[in-house]
Amino acid sequence: MTAPVPGALLTAENLRKTYGPTVALDGAGLSLHPGEIVAVMGPSGSGKSTLLHCLAGIVTPDSGSITYDGHELTAMSDSRRSALRRSEFGFVFQFGQLVPELTCVENVALPLRLNGTPRKEAERTALAWMERLEVADLRGKRPGEVSGGQGQRVAVARALVTGPRVLFADEPTGALDSLNGERVMELLTEAARSSNAAVVLVTHEARVAAYSDREIVVRDGKSRDMERAV
Amino acid sequence: MSIGHTLLGLLESGPRHGYDLKRVFDEKFGHDRPLHYGQVYSTMSRLLKNGLVVVDGIEAGDGPERKRYAITEAGITDVERWLTTPEKPEPYLQSTLYTKVVLALLTHRNAADVLDIQRAEHLRSMRILTDRKRKGDLADQLICDHALFHLEADLRWLELTAARLDRLREAVTR
Ligand SMILES: Nc1ncnc2c1ncn2[C@@H]1O[C@H](COP(=O)(O)OP(=O)(O)OP(=O)(O)O)[C@@H](O)[C@H]1O
Ligand SMILES: [Mg+2]
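Keep in mind it's a predicted model, so treat the numbers as computed, not measured.

Novice: Where do I start with the pattern of salt bridges in this structure?
Specialist: Side chains that differ in charge, positive against negative, can pair when their charged atoms come close. Throughout the structure, instances matching the rule amount to 33 salt bridges over all chains. Of the charged contacts, one joins Arg 81 of chain A and Asp 78 of chain A as a salt bridge, the two residues approaching to 2.6 Å between their closest N and O atoms. In this pair, Arg 81 of chain A and Asp 78 of chain A both sit in helix H2 (residues 78-88), 3 residues apart, roughly one turn of the helix. Judged by relative accessible area, which is 9%, Arg 81 of chain A ranks as buried. A relative accessible area of 57% means that Asp 78 of chain A is categorised as exposed. Among the salt bridges present, the one from Arg 23 of chain B reaches Glu 27 of chain B, with a minimum N-O distance of 3.4 Å.

Here it is as structure tokens:
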């Protein structure tokens with residue numbers, strides 16, 4: 001058992017998750033401080049995405065504990081957990097997260113609209129975020145009409161538009177070439193730092209992980225905090 | 001890097017004094033490691049001896065940095081040859097890292113730790129370079145990228161080796 005980490009915003013300990021005979025997590029953990037960017041690295045199939053999904057309250061682990069801001073996530077009701085997800089967390093995935101029928105600015109404004117923000121105000125805030133991610137000129141385009149790198153920056157804007165305290169990013173540059181991937185990482189980390197959002201960044205690419213403050217490595221469902229390893 | 005060829009190349013645009021050569025070299029290529037004056041003089045006297053430069057004038061005052069050098073035809077040919085000859089791709093076979101891992105296995109130490117400690121150190125360097133790249137100009141970005149890609153290659157090797165440690169242990173301890 002790892003000791004609770006003082007000052008951490010999000011702490012997971014001893015997570016175990018199985019899918020039938022497959023052990024996806026086998027004692028994994030992580031702690032995240034406010035505003036900190038932590039990379040989760042490791043080989044394919046090692047359990048990185050499962051760990052992220054558990055941390056974000058999307059998947060419930062079989063055992064182990066997850067504390068967010070003093071509250072035990074695994075003990076919450078589903079509705080309370082999804083309310084927390086909507087208000088406190090933002091998400092960026094590898095692809096397929098924008099609604100194809102909506103324009104880019106409508107996509108970015110969507111989380112605010114779902115929280116009841118009036119349309120005008122939501123789109124004004126959305127546009128400000130799109131400017132920070134350098135995609136404001138795409139406001140009227142639909143996701144099908146923009147490049148992969150542009151689409152990811154729109155997705156980052158959407159993830160940050162509600163001012164989340166934690167941004168969960170699972171291979172956010174996985175489908176991009178290195179130049180576009182780096183631009184996304186630069187803008188993502190800049191935007192996260194300026195709004196003091198912590199980031200859980202799942203990646204198997206070292207050059208992407210190099211944008212983080214520190215890393216943990218997941219192997220066979222077990223995590224290793226590299227800072228404490230050395 | 002060949003300091004001789006680089007200094008020669010800098011003379012192609014016109015004669016320069018020793019101190020001027022050092023200044024331009026440091027500005028364009030020195031980044032982490034500025035030249036020592038001693039390196040400039042030993043290099044220039046070698047180039048002089050080989051007929052690749054000539055002394056074109058000497059400024060008043062003393063010290064070898066006062067000499068002004070000009071490139072010769074042979075010097076220009078030499079720069080041309082250097083630029084059009086590919087560098088030998090360094091395969092880094094039998095690297096120190098490999099030796100450490102095998103030695104750890106042979107002595108029944110924790111080879112995974114050896115790999116992980118190195119991995120963390122590599123990523124630490126990559127963070128520093130990434131930060132420098134973010135703040136730097138295009139030249140900084142290209143130089144940092146070169147280093148980053150090499151460190152990344154090492155890191156991939158570290159990962160792959162970590163995944164094959166059991167097989168490697170079998171092979172080396174047989
Ligand atoms: N919903 C699921 N149903 C069944 N098995 C799953 C499910 N999600 C994950 N797994 C299994 O759990 C293990 C860990 O998967 P996970 O997606 O967390 O790995 P990963 O580290 O994110 O891999 P990658 O780098 O390829 O994305 C794998 O063996 C995977 O097949
Ligand atoms: Mg995954």
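Novice: How do you make sense of the site of ligand 1 when you look at a structure like this?
Specialist: All names here are of chain A. Inspection of the region around ligand 1 gives Tyr 19, Thr 22, Ala 24, Pro 43, Ser 44, Gly 45, Ser 46, Gly 47, Lys 48, Ser 49 and Thr 50 as its neighbouring residues. At 2.8 Å, a side-chain N or O of Ser 49 approaches an oxygen atom of ligand 1. One of the side-chain nitrogen or oxygen atoms of Thr 50 is found 2.5 Å away from an oxygen atom of ligand 1. If ligand 1 stood free it would expose 630 Å²; the protein chains cover 58% of that surface. Listing elements by their share of the shell around ligand 1, those giving two or more residues are strand S2 (22-32) and helix H1 (48-55). In terms of residue count, the dominant contributor to the shell around ligand 1 is H1 (3 residues). Partitioning the shell around ligand 1 into residue classes produces 3 nonpolar, 7 polar and 1 charged.

Novice: Help me out: how do you make sense of helix H6 (residues 111-135) of chain B in this one?
Specialist: Since the α-helix advances by 3.6 residues per turn, residues separated by three or four positions end up pointing in the same direction. Taking 1.5 Å of rise per residue, the 25 residues of H6 of chain B would be expected to cover 36 Å, and the 37 Å separating its terminal C-alpha atoms lies within 8% of that figure. Backbone nitrogen of Ala 112 of chain B and a side-chain oxygen of the N-cap are separated by 3.0 Å at the start of H6 of chain B; the cap is Asn 110 of chain B.

Novice: Whenever I open this one, the interface of chain A and chain B confuses me. Can you help?
Specialist: Often, the extent of an interface is quoted as the loss of accessible area on bringing the components together. Counting residues at the interface gives 21 residues for chain A and 18 residues for chain B. For the pair chain A and chain B, the summed buried surface comes to about 1700 Å²; carbon and sulfur atoms form 52% of the total. The largest share of the area that chain A buries against chain B comes from Arg 207, Ala 210 and Arg 219 of chain A, three residues that together contribute 30% of it. Across the salt bridge formed by Glu 159 of chain B and Arg 219 of chain A, the nearest N and O atoms sit 3.7 Å from each other. Taken together, the connections running from chain A to chain B amount to 8 residue pairs in polar contact (both at pLDDT 80 or more). Only helix H6 (178-194), helix H7 (206-209) and strand S9 (214-219) of chain A provide two or more residues apiece to the side of chain A that touches chain B. Here the side of chain A that touches chain B gets 5 residues from one element, more than from any other, and that element is H6 of chain A. Of the residues contributing to the side of chain A that touches chain B, the split by class is 9 nonpolar, 3 polar and 9 charged.

Novice: Looking at this model, I keep getting lost on empty space enclosed by the protein. Mind explaining?
Specialist: All names here are of chain A. All told, the structure shown has 1 cavity of 30 Å³ or more when counted by the stated rule. If you add up the space inside the largest cavity, you get close to 40 Å³. Lining the largest cavity we find Cys 54, Gly 57, Val 59, Thr 60, Pro 61, Ile 66, Leu 73, Thr 74 and Arg 81.

Scoring rules and cut-offs
- Residues numbered from 1 in each chain as written.
- Chains lettered and ligands numbered in written order.
- Predicted model: local features only at pLDDT ≥ 70, side-chain atom pairs only at ≥ 80, totals over all residues.
- Heavy atoms only, no water.
- Salt bridge = Lys/Arg side-chain N within 4 Å of Asp/Glu carboxyl O.
- Helix = DSSP H or I, 4+ residues; strand = E, 2+ residues; numbered from the N terminus.
- Buried < 20%, exposed > 50% of the residue type's maximum accessible area, 1.4 Å probe, protein only.
- Near = heavy atom within 4 Å.
- Polar contact = N/O pair within 3.5 Å; in protein donor to acceptor, adjacent residues only side chain to side chain.
- Areas by Shrake-Rupley, 256 points an atom, 1.4 Å probe, with all protein chains shown as cover.
- Nonpolar A, V, L, I, M, F, W, Y, C, P; charged D, E, K, R; others polar.
- Expected span 1.5 Å × (residues − 1).
- Contact = heavy atoms within 4.5 Å.
- Buried area = accessible area lost by both parts, 1.4 Å probe.
- 1 Å grid on protein atoms, 1.4 Å probe; cavity = no way out; pocket = protein on both sides within 12 Å on 5 of 7 lines; lining within 4 Å.
- Points joined across faces, edges and corners; volume = space filled by probe spheres on them.

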